[in-house]
Amino acid sequence: MVAQGDDVRIIAGGQTLVPLMAMRLARPRLLIDIVRIGELAFIRRDGDAVAIGATTRQCLLERDPIIGADLPLLARVMPFIGHAPTRARGTVGGSLANADPAAEIALVAVTLGATLCYRDGGASAEVSAAEFFIGPMMTALPTTACLTAVRFPVWREPRVGIGFHEVNARRSDFAFAAAAAQLALDENGICRRAAVGIGAVTTVPLRLEGVGEALVGTRCDAPLVHEVVTEALSGIEPLADLHASAAYRRRAAISLAGRAITDAYEAAVNVN
Amino acid sequence: MRVELSVNGKPHVVEVESRTSLLDCLRERLLLNGAHAGCEHGVCGACTVLIDGTPMRSCLMFAVQADGYVITTIEGLSPGPGELSPVQDAFCETHGMQCGYCTPAMILTAHALLAGNPAPTRAEIVEAISGNICRCTGYAQIVEAIALAAERMRGVNRPDGADASAQAGPA
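Residues numbered from 1 in each chain as written. Chains lettered and ligands numbered in written order. Predicted model: local features only at pLDDT ≥ 70, side-chain atom pairs only at ≥ 80, totals over all residues.

1. Looking at the overall build of chain A
Part 1: If you tally the helices and strands in chain A, you get eleven helices and 13 strands.
Part 2: Taken against the 2.2 N^0.38 rule, which gives 19 Å for 272 residues, the C-alpha radius of gyration of chain A at 18 Å falls within 12% of a compact globule.
Part 3: Projected onto the principal axes, the alpha-carbon positions of chain A cover approximately 55 × 45 × 30 Å.
Part 4: Here chain A holds 272 residues, and 51% of them are scored as buried.
Part 5: Here the analysis covers contacts within chain A between residues at least 6 apart in sequence; of these, 64% occur between residues at least 24 apart. (Helix = DSSP H or I, 4+ residues; strand = E, 2+ residues; numbered from the N terminus. Rg over C-alpha atoms; globule rule 2.2 N^0.38 Å. Buried ≥ 20, exposed ≤ 12 C-beta atoms within 10 Å, placed from the backbone. Contact = placed C-beta atoms within 7 Å.)

Written out as structure tokens, the structure reads:
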């Protein structure tokens, strides 16, 4: 990998980076285009995970049978990522590496506890999604490194359900708030594993650990869900901008997370 | 930097700065002004061209990245001098435009949709053009135009249809 400096950026699909450059929010001196490195474009099962190469086009995930079968939450969010023309060129790694707080792939990565793989010089390394995102458009990726893949854990329980909701000004525009949930139930309809996350609300996507833990052993009844989600979001510091105030984002996140959990529970109950 | 571009079936070799967008290259170097510069950061869709048949934002691609792809602009849709493609025809007939700024991109997007889906539902048409902003029409006549074009293009494939080769246009 070419040694880089702060003003050298890697470009793949360019659907996040080039708008930033157009607005002069990013002014790289040099771009290194990796999008045609074929070895970085793949979707494959890898033990208890699905590995997706960094330059894999987002549009390929929309109709990939492995994603549909093993990562239903990721499959669910795909239509919300930009529009078809941007998904046709945008890559999975590019969305992660640019770390827009409202990015849906990042939200799913944090919610499910994905692992990001990168190369730095000759060495390979990994970092958890929770540690990878450190701020808006900021990641823990060393400036000399290149993201190579992301591994999403696959839940093998027989009854898994997912839910996802977001609010935005126009369909497929940037979310003001988003929430994702994945639940696994036992044969009695009791939650045995839960992952819940919110995106676009704070500077980085957040996995709500406390909510996941509180739901295990329950039937995810609406009052309980509302209580634990409200509690979990009482301590966050939401973003505020022209479009949505901090108070609105918190309120929306509570509501959307509740709906996502309820949807996930109902979907899991209805698995045979 | 030197780049070889295949645009509307013709090879072009152009010298561009590495920072030149594909949009600027098409407009300023190849004088193909049908791709429009709107927001220039990927939101409005006015710059949409077909890259290997798929609609993409030419403002979010650098010309040097476009080497080796088959690029189609609005200028490449006409089946012959003075003729219109069935989609262009339908846009005229239903008046699927007012100011015309979004129109080339809308038509290219519609072509790509109909190439893969000859009988789209209204919802599929709306979804397909959802990345293209039109500030005049309210979209109703654009959707109508695409539905009309789809109907006609299906018609030319019937055995009793008109001369299919003259009307089919590029895929």
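Once the structure has been displayed, the description carries forward.
2. What about the pairing of strand E3 (residues 43-46) of chain A?
Note on strand geometry: in a regular strand, side chains alternate between the two faces of the sheet.
All names here are of chain A.
Part 1: The pairing of E3 with strand E4 (residues 49-53) spans four bridges and is classified as antiparallel. By the bridge assignment for E4, Asp46 is matched with Ala49.
Part 2: Taking the residues that link successive antiparallel strands as the turn, the E3-E4 hairpin has two residues, and the phi of Gly47 there is positive, at about 65 degrees. (Pairing = 2+ DSSP bridges.)

3. Some thoughts on the domain arrangement of chain A
Residues and elements named next belong to chain A.
Part 1: Segmentation of chain A into domains returns domain 1 (37-153) and domain 2 (160-269).
Part 2: Each of domain 1 and domain 2 was reduced to a C-alpha centroid, and the two centroids are 21 Å apart.
Part 3: Taken together, the contact pairs 21 residues of domain 1 with 20 residues of domain 2.
Part 4: Secondary-structure elements contributing two or more residues to the side of domain 1 that touches domain 2 are helix H4 (72-77), helix H7 (104-112) and strand E7 (133-135).
Part 5: Of the residues that constitute the side of domain 1 that touches domain 2, the class distribution is 15 nonpolar, four polar and two charged. (Domains from an automatic or database assignment. Nonpolar A, V, L, I, M, F, W, Y, C, P; charged D, E, K, R; others polar.)

4. Comments concerning the sheet that holds E4(A)
Residue and element names in this part refer to chain A.
Part 1: Read across the sheet, five strands follow the order E3-E4-E9-E5-E6 without closing on themselves; strand pairing throughout is antiparallel. What marks the edges here is a single partner per strand, and that holds for E3 and strand E6 (123-128). On average, each strand axis in the sheet is tilted by 25 degrees relative to the strand beside it, whichever way the strands run.
Part 2: The pairing of strand E5 (residues 115-120) with E6 spans six bridges and is classified as antiparallel. Paired with Thr115 across the bridge in E6 is Ser128. (Axes fitted to C-alpha atoms, helices over the stretch in contact; angles between N-to-C directions.)

5. Let's talk about the pairing of strand E3 (residues 48-51) of chain B
Residue and element names in this part refer to chain B.
Part 1: On E3, burial covers both faces: Thr48 and Leu50 on one face and Val49 and Ile51 on the other are all buried.
Part 2: When E3 meets strand E4 (residues 54-57), the two strands line up antiparallel, connected through four bridges. Residue pairing for E4: Val49 is matched across the bridge by Met56.
Part 3: Adjacent in sequence and paired antiparallel, E3 and E4 are bridged by two residues, among which Asp52 carries a positive phi angle near 50 degrees.
Part 4: Here E3 runs beside strand E5 (residues 70-72); their pairing, made up of two bridges, is antiparallel. Counterpart to Ile51 in the pairing with E5 is Ile71.

6. A look at H7(A)
Part 1: The buried count for H7(A) comes to nine of nine residues, which makes it a mostly enclosed element.
Part 2: Turning to H7(A), its buried residues are A:Glu104, A:Ile105, A:Ala106, A:Leu107, A:Val108, A:Ala109, A:Val110, A:Thr111 and A:Leu112.

7. Observations regarding the nonpolar core
Part 1: Among the nonpolar cores identified, the biggest contains 86 residues, and A:Ala109 and A:Ala257 are the most heavily contacted of them.
Part 2: For this core, the element with the highest residue contribution is helix H11 (residues 246-269) of chain A, accounting for eleven residues.
Part 3: The two domains that each donate at least three residues to this core are domain 1 (37-153) and domain 2 (160-269) of chain A.
Part 4: In this structure, A:Ala257 is in contact with A:Ala179, A:Val196, A:Ile198, A:Leu208 and A:Val229, ignoring residues within four places of it in sequence.
Part 5: Membership of the second largest hydrophobic core comes to 55 residues, among which are B:Leu26, B:Val87, B:Ala90 and B:Val143. (Core = buried A, V, L, I, M, F, W, Y, C linked by C-beta atoms within 7 Å.)

8. Some details on the sheet that holds E5(B)
All names here are of chain B.
Part 1: The five strands are arranged E2-E1-E5-E3-E4 in an open sheet whose pairing can be described as mixed. For this open sheet the edge positions go to strand E2 (10-15) and E4, each flanked by a neighbour on one side alone. Neighbour-to-neighbour, the strand axes of the sheet open up by a mean angle of 40 degrees, direction not taken into account.
Part 2: The sheet strands contacting helix H3 (residues 103-116) are E3, E4 and E5, and the helix crosses E3 at an angle near 30 degrees.

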